[in-house]
Amino acid sequence: MVQRSGYSIYLSPVQICPISSTALPQSPSKKRGEIRSDTNDEGGITHKSKGNHIFSLLPSKQALTSFVGITMARKQESTSRKSRSPNAVYPEAEEYGDLDPDLKELSKRGIRVKNFDDEEDVYKTLQLIKTLPCSLQQKRKFRSKLTDKPVKKVGGCAGWAYRRKLDWKKFKIGFREFQYQLELWGTAFKKIEGQQGAGVLSYFVFLRTLFKLNIAIFVLMLIFVTLPAIVNFSSNGYTVAVTGTGIGGVDVATAQTCSANYDVNISTDAASLIVDFLQGTGWMESTALFLGWYDANEYSMGTVGSHNFNYIMPLAIFLTVIVIFIISLVVMAQASVKGFRENIAKTGDAVRYTYNVKLFCSWDYSVTEELWSTIKQKSVYKDIVAELAESKFRKTRKNMTSNQKCGLYTKRFLVNFLILAMLGGAAYLIFYVQKFSTETTSSDSFVLLLIQYLPSITLGALNGLLPIIFEVLIKFEDYTTQFAMKLHLIRIVFLKLASLAVLIISMYSIITCGTRTTTCNVGIPDTCTAITCWETYVGQTFYKLVVTDFLIHVVAILAVEGPRMLLTSKCDSKLLKKIGPAVFDIPKSVLELVYSQMLCWIGLLYCPLITSMTVISFLVSFFLKYLSAMKTTGPPEKPYRASRTNSFFIGILLLAFFLSVFPVGYTMVSIRPSTGCGPFRIYSTQMSSIIDATISNLPTSLNNLVSLITSASAVLTVLVALIIVIYFCSARGSAYNNVVKMLEEQLMMESRDKQFLMARVYELTGEKPAARKKETLSTVNETKTKSKKMEAEVEPCPGPSPHNLYADGPVVSDDPVPAMPEEKDPFHAPPVYRSPSPSGSRAGTPKILVNNTDWDETPRINTSTTTHTAQPAKPLEF
Amino acid sequence: MGASQSVFSEEELQDYQELTYFTKKEILHVFKIFRDLSPRDVDRDRNVKLNEDLVMSLPELKMNPFKDRIVRVFSSEEGCLTFEDFLDMMSVFSEKAPKEIKAQYAFKIYDFDGDDEISRDDLKKMVLRLCPSQKDTELKKQEVDRLVGEILKEADLDNDDRLSFSEFQHVISKAPEFESSFRIRL
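As the structure is a computational prediction, the values presented were derived from the model and not from experiment.

1. Some words on the overall build of chain A
Logical step 1: Helix and strand content of chain A: 32 helices and four strands.
Logical step 2: Considering chain A as a whole, with its 878 residues, one finds that 48% of them fall into the buried category.
Logical step 3: Contacts in chain A between residues far apart in sequence, at least 24 positions, make up 78% of those at least 6 positions apart.

Quick look at the structure:
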């Protein structure tokens, strides 16, 4: 708001002169970023038109052009406020009287440069200097001037904390150096980014994250589950540690009988060895790969003194799986935090700045390849044209007749119906095939292999083929390109997750078929399939799925993409040229990864070493994808916003995670374990009996504590607390968003005020605003008439447009503006005009006094009235 | 890297580490890249001023439509870059540099005429550099005008037909992509 009472504007004609930012005596060399033409004439005429000099004297402009640049000194404001004068824009000259000019400049930007209490203050200032956008020499100069005076050392407790902070910082840098050396695939990443851009790179970063996670999972499984079982095989049998004291659902006798009954046919001829390897049967079945091999034993780890250390196998497996899930969740949460933070603050506005984002963020600065850059230029072009066309498309959509609308909606309905029908068919197929392959046996080992692999192959084929059909179908639906892309992706995600879910359901129905009353859980003849060890059966299914998944990846890259690249680049056929090489499909590749990861999560309980296969599979797929990115595919033409896709990937991964945890958790707490195999064989109700057994073995006090913690009231309290925290966070988020909106409005108003004041100043000094400005401002009016929306948005509180002021304002005098002496430093110069301050009258300065009444006498009285009548429409309250 | 290790003393490296967003090893890596531009000159004098054109031939910059602007913005002396300028440039483009600094330099880069505001002409220049006219991808003049109009409509809050730094910063704060695109991997 313009305050109009009781202040004056001082204008000193001597200082009104073109101040070029190049004429800074302090600046050791030419200011950066200046265009070449103005450097040869020493500080005289610059590229800036003469008339704009007042504009360039505005503090914001000076900050931008000074050798320091705008800083983020606001950060330090809390500490520096006391050292600043009440009028922060032009602090009293005395305050800087004894200061070095460089430091004075820093001080003006709100950085504390003197009166340091101790070395920590100096340190903080030095940290701020790092964030200045000025040259290294300049920063070094600042630093040496700041550190030349001795300061008090920080003592006592604070000193200790300060030194620990420095140590921690040092350690962090050391750690970064260490990481830098160890960085996995760093050079490969650089090459990929150079050739394919940041979008494709984000896929590889995602792959690396998952790869590391899987290595961690694998190591945990190996150390806590597999190695103890293999190495320390002196079993103590079903001890009290395993059976618990007085808990229900422990049946040692049946377990012993059934374990004896469960035997695996191991054939030794070469063919069946290989077939068994592929399907996880025969000799493979009795290895540490599958859960059925592990026993419900307690292993003796050795004795220290009089105390025996024993390792309880079922408990170890149970806890390891839970820990793995928690680790996975933490890793994902960590990865998603950044994207989530961005999303919370910005979702509402992402659409508002489509064009700006397209222009300012479309070029990847890290790209090195010519091919990429030409494709990118094309892609930017297409993107822009499409966006321009799309806004037209939306308009035509609005003007559609009801007949056309009806036709479109029928078409969409039909397509959706078709897609649903296909999904339903696929689900039935998966269900049926899994049942078929479990029930059917064959004497021919090859046919048996085929039958065994039928579910995996069906799943792979459906996941491969249906998306292609979807892609064709979506074209009939006539959506905008952006929406079509999203919808297609959602459909594929649904297909992938649903197909796996159906497979799990079909397995569940097979496992729980009948009431399973037979002694050793073998199934009822005629009605149900006989499965001796269902844990291993599930493990085998996932083992086969992982193998198939892996083979499909390899084949797709080596047998499809490679030849396509060769054909399209080497042959001159027109058709082939038109098809072109395959394009790196980011969403598809990411979904493949998520699918593999999901298989790993679900399978790891039943097939503890499945993670080793996932690690290998990810490693191989990294090299294959690298090959694919570098050799066989072109960069994607569709623009992928790296950051947004990243949070999208993590979102899908989280969804997949919860979908995988659910079946695993369910089997742990409610399916009866096999009696003849596996580490839970002695528990006749559920796997989680091991927890009951362990608790029952604890001393009474601990036992009570556990029951207290797990009681309904305790859980409820925690739940309520969590909900409150979530509510608090979301409230804070929305409050921040409001602040952003308010600041946005304030920014708008401030700029209006500035324009208004500038116009006044020009008017009063009789000086011409820049010619360039006039020309562009006339275009403003053109745009205004063109776009109604703009008017609606901006007009409610119209600041006086400077253009109007110039158009019929006071007569512009052509008096030559006195030139400023070259050596004059703009920062030494007293301010040309002061911001409203009643005590601001200072003797000795030549000035033009414009008091309150002068304002009203000026010809443009109507503009100021508009300002005052219109502005209250949007009051700003802080 | 063996050769460059001896070039800097431990203090110098410490100094650079304090002033940039790099660790010592990364600084040596940057020096290696710098040296590779012109091994003979750099070996003779570490503080040699390399010609802009030479720096622009860096693979990361070669393809960049704004390479001349980037080099100009970071050169402390007319048409030449010293190692420190180069280091500063890589530091700004590094992953660790905060968004605010990147935004400031981006603003300088896109401000072609150096009037500390991104005007309609600057925007037009930018568009034409991003999609240079080729035979199948040529933006019509009308399209460019419309695009620039849309951009200003979105971002020009104070309606003065140009983007000031604060308006630009505001846009950047709403575009999470900016950080990942305004980056050069070491």
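There is more to say, and it comes next.
2. Focus on the overall build of chain B
Logical step 1: Helix and strand counts for chain B stand at 13 helices and four strands.
Logical step 2: Taking the principal axes of the C-alpha coordinates as reference, chain B spans close to 55 × 35 × 25 Å.
Logical step 3: Sorting the 186 residues of chain B into buried and exposed places 66% on the buried side.
Logical step 4: In chain B, once contacts between residues fewer than 6 apart in sequence are set aside, the share between residues at least 24 apart is 58%.
Logical step 5: Here chain B displays about 6,500 Å² of accessible surface, and carbon together with sulfur accounts for 47% of that area.
Logical step 6: Chain B carries 29 positive and 41 negative side-chain charges, and their two centres are separated by 5 Å.

3. As for the domain arrangement of chain B
Residues and elements named next belong to chain B.
Logical step 1: For chain B, the assigned domains read domain 1 (10-93) and domain 2 (99-182).
Logical step 2: Using C-alpha coordinates to define each centre, domain 1 is positioned 26 Å away from domain 2.
Logical step 3: Here domain 1 and domain 2 share an interface that buries about 1,100 Å² over both sides, 70% of which is from carbon and sulfur atoms.
Logical step 4: Contact with domain 2 buries area across many residues of domain 1, yet F66, R69 and V92 alone supply 51% of it, more than any other trio.
Logical step 5: The interface formed by domain 1 and domain 2 contains one salt bridge.
Logical step 6: R129 is the partner of D68 in a salt bridge, and the nearest nitrogen-oxygen pair spans 2.8 Å.
Logical step 7: Put simply, domain 1 and domain 2 have five residue pairs in polar contact (both at pLDDT 80 or more) between them.
Logical step 8: For the side of domain 1 that touches domain 2, the secondary-structure elements that each account for two or more residues are α7 (67-74) and α8 (83-93).
Logical step 9: When the residues that make up the side of domain 1 that touches domain 2 are grouped by side-chain class, the tally is eight nonpolar, no polar and three charged.

4. Some thoughts on the nonpolar core
Logical step 1: If you look at the biggest cluster of nonpolar residues, it comprises 113 residues, and the most contacted ones within it are F204, F206, L500, F542 and W601 of chain A.
Logical step 2: Per-element accounting of this core gives the leading share, 14 residues, to helix α10 (residues 198-231) of chain A.
Logical step 3: Among all residues touching F206 of chain A, those that are not within four sequence positions of it are V590, L593, V594, F649, I650 and L653 of chain A.
Logical step 4: Core analysis: the next-biggest nonpolar cluster, separate from the first, contains 79 residues, F86, M89, I101 and A175 of chain B among them.

5. Quick look at the state of the cysteines
All names here are of chain A.
Logical step 1: The tally for this structure, following the rule as stated, stands at one disulfide over all chains.
Logical step 2: Disulfide partner of C533: C677, at an S-S distance of 1.8 Å. With the S-S bond torsion at 95 degrees, the cross-link from C533 to C677 turns out right-handed. Of the two residues, C533 sits in the loop between α19 (481-511) and α20 (534-570) while C677 sits in the loop between α24 (642-670) and α25 (689-697), which places them 144 residues apart along the sequence.

6. Topic: the UniProt feature "transmembrane region" (unreviewed entry) in chain A
Residues and elements named next belong to chain A.
Logical step 1: The positions that UniProt labels "transmembrane region" (unreviewed entry) are, in the present scheme, residues 213-231, 311-333, 413-433, 453-476, 488-511, 601-627, 648-666 and 705-728.
Logical step 2: End C-alpha to end C-alpha, residues 213-231 measures 26 Å, and it is 100% helix and 0% strand.
Logical step 3: For the annotated span residues 705-728, helix accounts for 92% and strand for 0% of the residues, and the straight-line distance between the end C-alpha atoms is 30 Å.

7. Notes on the pattern of salt bridges
Residues and elements named next belong to chain B.
Logical step 1: On inspection of all chains with the given rule, the structure shows 13 salt bridges over all chains.
Logical step 2: The salt bridge involving R35 is made with D43; its shortest N-O contact spans 2.8 Å.
Logical step 3: Across the pair K141 and D145 runs a salt bridge, and its minimum N-O distance is 3.5 Å. Highlighted residues: K141 and D145, both in helix α11 (residues 141-155), separated by four residues, approximately one helical turn.
Logical step 4: We classify K141 as exposed; its relative accessible area is 63%.
Logical step 5: Under the relative-accessibility criterion, D145 is labelled partly exposed at 27%.
Logical step 6: Salt bridges sharing partners connect three or more residues here, namely K124, K141 and D145.

8. Some remarks on the packing of aromatic side chains
Logical step 1: A complete count under the given rule lists 37 aromatic pairs over all chains for this structure.
Logical step 2: Ring geometry for F107 of chain B and F165 of chain B: centres 5.2 Å apart, planes at 75 degrees, overall edge-to-face. Of this pair, F107 of chain B sits in helix α9 (residues 99-110) while F165 of chain B sits in helix α12 (residues 165-173), placing them 58 residues apart in sequence. Residue F107 of chain B shares its accessibility class with F165 of chain B, and that shared class is buried.
Logical step 3: Pairwise contacts between aromatic rings join F189, Y203, F204, F622, F623 and Y626 of chain A into one cluster.
Logical step 4: We note K496 of chain A situated over the ring of Y595 of chain A; from NZ or CZ to the ring centre the distance is 5.4 Å.

9. As for the side chain of S328 of chain A
Logical step 1: Inspection of the secondary structure puts S328 of chain A in helix α14 (residues 313-350).
Logical step 2: Sequence-distant contacts of S328 of chain A, defined by excluding residues within four places in its chain, comprise L213, I217, W601 and F657 of chain A.

Definitions and cut-offs
Residues numbered from 1 in each chain as written. Chains lettered and ligands numbered in written order. Predicted model: local features only at pLDDT ≥ 70, side-chain atom pairs only at ≥ 80, totals over all residues. Heavy atoms only, no water. Helix = DSSP H or I, 4+ residues; strand = E, 2+ residues; numbered from the N terminus. Buried < 20%, exposed > 50% of the residue type's maximum accessible area, 1.4 Å probe, protein only. Contact = heavy atoms within 4.5 Å. Areas by Shrake-Rupley, 256 points an atom, 1.4 Å probe, with all protein chains shown as cover. Lys, Arg positive; Asp, Glu negative; His and termini not counted. Charge placed at Lys NZ, Arg CZ, Asp CG, Glu CD. Domains from an automatic or database assignment. Buried area = accessible area lost by both parts, 1.4 Å probe. Salt bridge = Lys/Arg side-chain N within 4 Å of Asp/Glu carboxyl O. Polar contact = N/O pair within 3.5 Å; in protein donor to acceptor, adjacent residues only side chain to side chain. Nonpolar A, V, L, I, M, F, W, Y, C, P; charged D, E, K, R; others polar. Core = buried A, V, L, I, M, F, W, Y, C linked by side-chain atoms within 4.5 Å. Disulfide = S-S within 2.5 Å. UniProt positions renumbered as here; feature names shortened; annotations may be inferred. Phe/Tyr/Trp six-rings, centres within 6.5 Å; stacked < 30°, edge-to-face > 60°. Lys NZ or Arg CZ within 6 Å of the ring centre and 35° of its normal.

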